[in-house]
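Letter by letter, the chains look like this.
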Amino acid sequence: DGGITQSPKYLFRKEGQNVTLSCEQNLNHDAMYWYRQDPGQGLRLIYYSQIVNDFQKGDIAEGYSVSREKKESFPLTVTSAQKNPTAFYLCASSPRGTYNSPLHFGNGTRLTVT
Amino acid sequence: AQKITQTQPGMFVQEKEAVTLDCTYDTSDPSYGLFWYKQPSSGEMIFLIYQGSYDQQNATEGRYSLNFQKARKSANLVISASQLGDSAMYFCAMRGSNTGNQFYFGTGTSLTVIP
């Protein structure tokens, strides 16, 4: 089955540590996205990538970094510079450049930093 | 500017009744797609239904239908015969022809189905 895999489902880290969230897709989609969701809130775009080796900042990129070395993979690193990293993180993908294609989401990673 | 507005933070509906979740949008793109997603408490985002800006008929998918009024820039989701499992957050989203790789989301509506 094609889909998006995010791992792990739950992640706990100490303050001051960098942490990397994994996102892998086998849908052959060019575009991939990272969203952050806080309790009771909507989705906020962190980064997105349209093709390999290219990515753009979203609305809340500060304190985050990404890489896109392979079409299938778009890992997100939450750095120690992110002031409030505890949140639910959703990865998504979509075919590029077609406005009638939906976003396909992974099941999310719940990050808790103490 | 692209914008999605969902004005109902929370809605309640009796089981087996129909409910309408509101969504209005603003875009300057000549063509665009409108999407609805369901997010249960477990967190995953489930794609429900799509409406294209040039589609002549309102989209339907099972118990979900989209009441699309282009002149009013509204794309309301109608859920018929509500079930307890419909209790979730619902998000409206848009993707435009000129900003094709960006999705714009509303703030969501929390739906509670009452037995």
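All values derive from a computational prediction rather than experimental measurement.

S.K.: Would you mind going over the state of the cysteines with me for this structure?
M.R.: Here, disulfide denotes a covalent bond that connects the sulfur atoms of two cysteines. Residues and elements named next belong to chain A. By the definition in use, this model includes two disulfides over all chains. Disulfide pairing places Cys23 opposite Cys91 at an S-S distance of 1.9 Å. Torsion about the S-S bond of the Cys23 and Cys91 cystine: about -75°, corresponding to left-handed handedness. On the criterion of sequence distance, the pair formed by Cys23 in strand 3 (residues 19-25) and Cys91 in strand 9 (residues 87-94) is long-range, its members being 68 residues apart.

S.K.: Would you explain the pattern of salt bridges in this entry?
M.R.: Two side chains carrying opposite charge are able to pair once their charged atoms lie near each other. All told, the structure shown has five salt bridges over all chains when counted by the stated rule. A salt bridge links Arg36(A) to Asp38(A); its shortest N-O distance comes to 3.0 Å. On the accessibility criterion, Asp38(A) (16% relative accessible area) is buried. Here Lys73(B) ties to Asp26(B) by a salt bridge, and the two come within 3.2 Å at their closest N and O atoms. Here Asp26(B) lies in strand 4 (residues 24-26) and Lys73(B) lies in the loop between strand 8 (64-69) and strand 9 (74-79), a separation of 47 residues in the sequence.

S.K.: Explain the pairing of strand 12 (residues 109-114) of chain B here, please?
M.R.: The side chains of a regular strand alternate, first on one face of the sheet and then on the other. Residue and element names in this part refer to chain B. Covered by surrounding structure in strand 12 are Thr109, Leu111 and Val113 only, the residues Ser110, Thr112 and Ile114 on the alternate face being uncovered. Here strand 2 (residues 10-14) pairs with strand 12 via five bridges, running parallel. Bridging from a neighbouring strand, Gln14 pairs with Ile114 of strand 12. Of the strand pairs in this sheet, strand 10 (residues 88-96) and strand 12 are connected by three bridges, and their pairing is antiparallel. From the neighbouring strand, Ala88 faces strand 12, where its bridge partner is Leu111.

S.K.: Any chance you could explain the pairing of strand 5 (residues 32-39) of chain B here in plain terms?
M.R.: Residues and elements named next belong to chain B. With eight of eight residues buried, strand 5 is to be regarded as a mostly interior element. Note that strand 5 and strand 10 share eight bridges and pair antiparallel. The residue bridging Tyr32 from the neighbouring strand is Gly96, located in strand 10. Taken together, the six bridges between strand 5 and strand 6 (residues 46-52) define a ladder with antiparallel strand orientation. Counterpart to Phe35 in the pairing with strand 6 is Tyr50. What sits between strand 5 and strand 6 in their antiparallel hairpin is a turn of six residues, with Gly43 showing a positive phi close to 105°.

S.K.: Help me understand the interface of chain B and chain A, please; the structure alone is not making it clear to me.
M.R.: Accessible area lost during the coming together of the parts is what is often quoted as the interface size. Contact residues are listed per partner, giving 23 residues for chain B and 25 residues for chain A. Carbon and sulfur atoms supply 57% of the area that chain B and chain A bury against each other, a total of about 1,800 Å² over both sides. Run the count over chain B and chain A and you get zero salt bridges. If you look at where chain B meets chain A, you find six residue pairs in polar contact (both at pLDDT 80 or more). For the side of chain B that touches chain A, the elements supplying multiple residues, two or more each, are strand 5, strand 6, strand 10 and strand 11 (103-105) of chain B.

S.K.: Is there a simple way to think about the nonpolar core in this case?
M.R.: One recurring pattern in soluble globular proteins: nonpolar side chains tend to sit buried together. All names here are of chain B. Grouped together as the largest cluster of nonpolar side chains are 25 residues, with contacts concentrated most on Leu34, Trp36, Ile49, Leu77, Tyr90 and Leu111. Every element with two or more residues in this core is listed here: strand 2, strand 3 (19-21), strand 5, strand 6, strand 8, strand 9, strand 10 and strand 12. Those residues in contact with Ile49, other than ones at most four positions away along the chain, are Leu34, Phe35, Trp36, Ala59, Thr60, Glu61, Tyr64, Ser65, Leu66 and Leu77.

S.K.: Hey, could you run me through unusual backbone geometry in this one?
M.R.: Among all residues save glycine, negative phi is the norm, and among peptide bonds the norm is trans. Following Ser7(A), the chain continues into Pro8(A) via a peptide bond in cis, with omega recorded as -10°. Residue position: Pro8(A) is located in the loop between strand 1 (4-7) and strand 2 (10-13). One non-glycine residue, Asn28(A), adopts positive backbone phi at about 60°. Among the secondary structure elements, Asn28(A) is positioned in the loop between strand 3 and strand 4 (31-37). Judged by relative accessible area, which is 56%, Asn28(A) ranks as exposed. Residues other than glycine seldom take positive phi values, yet Lys16(B) does so here, at roughly 80°. Assignment of secondary structure puts Lys16(B) in the loop between strand 2 and strand 3.

Conventions we followed
- Along each chain, numbering runs from 1 in the same order as the chain's sequence is written.
- Key to labels: chains lettered from A, ligands numbered from 1, both in the order written.
- Residues qualify for local features only when their pLDDT is at least 70, as the model is predicted, and side-chain atom pairs are given and counted only at 80 or more; totals for whole chains, interfaces and linings, by contrast, use all residues.
- Side-chain calculation: all heavy atoms of the structure are included, whereas hydrogens and water are not.
- Two cysteine sulfurs form what is called a disulfide whenever their separation falls within 2.5 Å.
- Helical segments are the DSSP runs of H or I of at least four residues, strand segments are the runs of E of at least two, and each set is numbered from the N terminus.
- For this document, the term salt bridge refers to a Lys or Arg side-chain nitrogen within 4 Å of an Asp or Glu carboxyl oxygen.
- The buried label goes to any residue with under 20% of its type's maximum accessible area, the exposed label to any with over 50%, and the partly exposed label to all in between, with areas taken from a 1.4 Å probe on protein chains only.
- For two strands to pair, DSSP has to find at least two bridges joining them.
- Two residues form a contact once any of their heavy atoms are found within 4.5 Å.
- Buried area counts how much accessible surface, traced with a 1.4 Å probe, disappears from two parts once they are put together, with both parts' losses summed.
- In protein, a polar contact requires one atom able to donate a hydrogen and another able to accept it; more generally it is a pair of N or O atoms within 3.5 Å, and residues adjacent in sequence count only if both atoms are side-chain atoms.
- Throughout this description, the term nonpolar core refers to a set of buried Ala, Val, Leu, Ile, Met, Phe, Trp, Tyr and Cys residues connected via side-chain atoms within 4.5 Å.

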